[in-house]
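# Inside the fold
These are the residues of each chain, in order.
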Amino acid sequence: MIGILYFIVIVLANTVGAVSGMGGGVLIKPIFDFIGAHNVASISFYSATAVFTMSIVSTSRQLMSGRKINWQIVCWVSAGAILGGILGNVVFETFLRWFGNEDSVQLIQISLTVITLVFALLYTKYDWRNFHLTHVFWYLSCGFVLGFLASLLGIGGGPINVSLLMLLFSLPIKDATIYSICTIFFSQFAKLVMIACSTGFGRYDLTMLWFIIPAAIVGGLLGANLSNTLSSKKVTLIFQGVIILVLLINLYNACQLL
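Keep in mind that this is a model prediction, so the values were computed, not measured. (Residues numbered from 1 in each chain as written. Predicted model: local features only at pLDDT ≥ 70, side-chain atom pairs only at ≥ 80, totals over all residues. Heavy atoms only, no water.)

## Digging into the overall build of the protein
- From N to C terminus, the protein includes ten helices and zero strands.
- For the protein, the α and β elements follow one another from N to C terminus as α-α-α-α-α-α-α-α-α-α.
- Relative to the 2.2 N^0.38 estimate, which gives 18 Å for 258 residues, the radius of gyration of the protein is 17 Å and therefore close to what a compact globule would have.
- Its C-alpha atoms give the protein principal-axis dimensions of about 45 × 35 × 35 Å.
- A total accessible area of about 10900 Å² is found for the protein, and carbon and sulfur atoms account for 72% of it.
- In the protein, 12 positive and 7 negative side-chain charges are present, and the distance between their average locations comes to 14 Å. (Helix = DSSP H or I, 4+ residues; strand = E, 2+ residues; numbered from the N terminus. Rg over C-alpha atoms; globule rule 2.2 N^0.38 Å. Areas by Shrake-Rupley, 256 points an atom, 1.4 Å probe, with all protein chains shown as cover. Lys, Arg positive; Asp, Glu negative; His and termini not counted. Charge placed at Lys NZ, Arg CZ, Asp CG, Glu CD.)

Below, the structure is given as structure tokens:
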């Protein structure tokens with residue numbers, strides 16, 4: 001029953017995540033926390049796997065549809081995301097060792113997630129000034145921050161991806177969602193490689209992947225198709241709606257832990 005429930009959650013979350021550029025993990029992580037069937041390390045792993053799979057499907061679908069992509073932005077931001085993803089996983093594992101209590105680590109994740117959610121909501125709601133940065137340093141730095149947060153928080157990408165890409169590089173929201181998904185692919189790839197090379201996958205219930213991976217594929221396909229048909233205004237509304245929903249879920253989870 002848990003596998004079926006995870007399947008439904010991931011299909012819905014990854015569909016919305018692919019459209020909005022959030023990656024699905026921003027919904028998967030707090031909902032899995034709410035369900036409470038697995039520990040925080042397992043939930044972060046399942047979320048990373050689902051979002052990684054979705055990013056492959058969604059990016060491939062976007063390329064097949066003829067969507068133009070600036071590969072200079074993708075390559076440098078993704079390079080930063082790989083480094084950030086590695087560091088984020090190291091910090092996550094360090095927190096688990098330091099605190100010993102998974103509830104404390106989960107509270108840290110929730111607190112940082114809420115901060116990024118509020119930033120993203122305010123940015124898309126109010127017409128903040130955009131920058132037109134083009135230097136490689138800024139691409140790398142942006143990717144590093146995004147990869148670090150994605151890996152540490154176990155949310156794959158999150159709303160800060162789209163907002164930061166729009167803020168620093170003046171990208172339209174639909175373009176920012178594509179670059180966000182590309183960044184998510186590399187940050188989650190780095191996280192999964194780090195898990196394989198450090199703790200390994202033995203501590204996780206891998207039978208859940210029979211539900212998680214197919215659900216992620218379905219969600220990625222549905223989300224990519226919707227992204228090509230929806231207007232920028234509708235994508236923005238979906239983006240903001242998901243932020244508010246995830247804020248409420250995270251605040252509820254935090255209250256349960258306190």
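On we go.
## Quick word on unusual backbone geometry
- Phi at Ser170 is positive, roughly 55 degrees, even though this residue is not glycine.
- Mapped onto the secondary structure, Ser170 falls in the loop between helix H7 (159-169) and helix H8 (173-197).

## Some points on the side chain of Gln106
- By secondary structure assignment, the location of Gln106 is in helix H5 (residues 102-125).
- Among all residues touching Gln106, those that are not within four sequence positions of it are Lys29, Asp33 and Leu257. (Contact = heavy atoms within 4.5 Å.)

## Concerning the UniProt feature "transmembrane region" (unreviewed entry) in the protein
- Mapped onto this numbering, the UniProt entry gives "transmembrane region" (unreviewed entry) at residues 34-57, 69-92, 104-124, 136-156, 176-194, 206-225 and 237-255.
- Strand forms 0% of residues 237-255 and helix 100%; the C-alpha atoms that close the span are 27 Å apart. (UniProt positions renumbered as here; feature names shortened; annotations may be inferred.)

## Examining the nonpolar core
- Residues Ile10, Phe32, Tyr46, Leu165 and Ile243 are the most contacted members of the largest nonpolar core, which totals 69 residues.
- Sequence-distant contacts of Ile243, that is, excluding residues within four places in its chain, are made with Met22, Leu117, Ala120, Leu121 and Pro159. (Core = buried A, V, L, I, M, F, W, Y, C linked by side-chain atoms within 4.5 Å. Buried < 20%, exposed > 50% of the residue type's maximum accessible area, 1.4 Å probe, protein only.)

## Observations regarding helix H4 (residues 71-99)
- The end-to-end C-alpha distance of H4, which contains 29 residues, comes to 41 Å, matching closely the 42 Å that a straight helix rising 1.5 Å per residue would cover.
- For H4, the side-chain oxygen to backbone nitrogen distance between the N-cap and Gln72 is 3.0 Å, and the N-cap itself is Asn70.
- Backbone geometry just downstream of H4 places Gly100 in the positive-phi region, at approximately 70 degrees. (Expected span 1.5 Å × (residues − 1). Polar contact = N/O pair within 3.5 Å; in protein donor to acceptor, adjacent residues only side chain to side chain.)

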